[in-house]
Amino acid sequence: MSETEEQAQMAPSEDSTPDSDDREREDRGERSVVVVGLLCDPGLPSDTVAKFVDDFRQELSSHITDEVDWEVRTRTEPVELDENGQVPIIQLAERMRPQLGWDLLVCVTDLPRSLGSQPVVADMSVRHGVALASMPALGAVALRRRLRDTLLYLVGELGRAEALGYRAGRDRRRAGGRSAPVRWMDNPDAEIEVSLSLIGWRGRLRLLAGMVRDNKPWRLVPELSTALAAGFAAAAFGIFYSSIWLLADALSVTRLVVINVLAVVAMIVWLIGYNKLWEPRSSSPKEKALLYNMATVASMAVGVTASYVVLFAVTLAGAVAVIESGYLAQSLGHSSGVSDYLQLAWLSSSMGTVAGALGSSLESEDAVMRAAYSKRERERRRLAKESGDDSSESDGR
């Protein structure tokens with residue numbers, strides 16, 4: 001069956017209304033049916049929802065009410081953004097609920113949300129029967145449980161609408177997870193009504209961890225192939241030249257650690273600066289710019305560290321394969337052991353990391369953006385850039 005036919009079957013007829021349908025069912029002694037629609041962004045949101053959606057109907061009956069029959073429908077498509085990079089949930093509800101025959105609509109997105117410095121788990125409009133759950137605020141671990149509890153709570157709160165006729169919510173403390181407290185905040189957008197936010201430094205750390213998790217910074221290793229190739233070439237130089245062996249043997253562990261840290265920091269700074277990944281304060285409010293920049297630095301740190309580990313492992317294997325232990329001992333002037341190979345690979349990998357930063361200059365800006373950010377974050381940055389360009393053109397005129 002085509003999507004158009006499915007939508008046509010799900011759409012309510014013009015001759016009936018929810019109120020009249022409910023009265024007819026009551027007259028016949030039938031139970032009311034409440035249709036919950038879950039609109040999920042592709043990727044992590046849809047994948048996470050798919051892990052528990054089969055049991056979600058039973059969860060709704062157990063934790064909200066069993067006096068109605070619950071029906072759960074999921075739909076995977078990019079949740080649209082407005083010109084400000086936000087999800088227009090009211091417009092979505094007004095369009096999709098009648099079209100698809102959904103009583104309640106909950107959007108699940110990987111777009112981070114915040115009000116000032118407070119991370120937002122969810123936005124809600126009871127009047128319109130719609131809510132938005134933001135996955136980055138759920139953190140980096142136990143996503144399935146946290147998202148399930150959050151959705152159960154949101155559907156329960158939306159039960160104050162005509163679909164149920166009374167409030168029947170799940171314990172708010174479990175929404176978003178148990179380790180970070182939450183509270184309701186008035187949203188400046190009058191249509192959204194309220195937002196569920198995380199409180200305190202733990203909430204901010206959870207949002208930051210969720211943003212880094214959503215960026216999948218470990219993709220930096222395969223995506224930046226040119227930079228990695230430059231790193232391998234520089235590290236190979238350390239394997240084949242005995243002067244590097246002597247230098248590595250002469251350096252203390254403390255100095256090797258300092259060189260390691262400096263090399264990683266240099267690559268992080270180069271990638272952010274050269275590819276213009278730093279969020280200017282002029283493009284976002286101060287708190288949001290700080291949050292996005294912290295997420296960028298943390299994502300780059302994870303990605304560059306992963307690259308360093310790969311480079312170290314390959315360099316160590318190459319050193320063991322190429323350099324015979326007796327020849328290494330003869331060059332160093334003392335017996336050789338595992339520690340000598342480790343120190344050689346350590347210094348060579350630091351050299352390779354610096355070379356990799358320079359090699360990343362040959363990568364396109366799009367390739368670096370794909371490696372550094374999720375699709376949602378790339379879209380947000382594109383909209384912000386276009387908005388800034390439009391403002392500049394208007395000022396020029």
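Going by the structure above, here's the rest.
Residues numbered from 1 in each chain as written. Predicted model: local features only at pLDDT ≥ 70, side-chain atom pairs only at ≥ 80, totals over all residues. Heavy atoms only, no water.

Asks: Can you break down helix H10 (residues 242-250) residue by residue, with the values?
Replies: Since there are 3.6 residues in each turn of an α-helix, residues three or four apart along the chain are aligned in direction. Buried within H10 we find Ile-244, Trp-245 and Ala-248. Mapping the buried residues of H10 onto a view down its axis gives an arc of 105 degrees, with all of them on the same face. Where the residues of H10 are buried, they touch helix H9 (225-240), helix H13 (325-332) and helix H14 (338-359). (Buried < 20%, exposed > 50% of the residue type's maximum accessible area, 1.4 Å probe, protein only. Helix = DSSP H or I, 4+ residues; strand = E, 2+ residues; numbered from the N terminus. Arc of directions from axis to C-beta. Contact = heavy atoms within 4.5 Å.)

Asks: Account for the packing of H9 against helix H12 (residues 286-322), naming residues and giving values.
Replies: Remark: H9 packs on H12, axes separated minimally by 10 Å, with the N-to-C direction vectors making an angle of 35 degrees. The handedness of the crossing between H9 and H12 comes out as right-handed. Touching Gly-231, Phe-232, Ala-235, Ile-239 and Phe-240 of H9 are Val-310, Leu-311, Val-314, Thr-315, Gly-318, Ala-319 and Val-322, all from H12. Grouping the constituent residues of the contact of H9 with H12 by class yields nine nonpolar, three polar and no charged. (Axes fitted to C-alpha atoms, helices over the stretch in contact; angles between N-to-C directions. Left-handed = near helix turned anticlockwise from the far one by under 90°. Nonpolar A, V, L, I, M, F, W, Y, C, P; charged D, E, K, R; others polar.)

Asks: Before we move on, could you go through the nonpolar core and cite the residues and values that matter?
Replies: Ranked by internal contacts, the top residues of the largest apolar core, which has 42 residues, are Leu-147 and Leu-151. Looking at this core, the element that brings in the most residues is helix H6 (residues 143-158), giving eight residues. (Core = buried A, V, L, I, M, F, W, Y, C linked by side-chain atoms within 4.5 Å.)

Asks: Outline the environment of Thr-353, listing residues and values.
Replies: By the element assignment, Thr-353 lies in helix H14. A residue is classified by how much of its surface remains accessible, and Thr-353, at 4% relative accessible area, is buried. Note: C-alpha distance between Thr-353 and Leu-228 (125 residues apart in sequence) is 8.3 Å. What Thr-353 contacts, discounting residues up to four positions off in sequence, is Ala-263, Val-264, Met-267, Tyr-308 and Leu-311.

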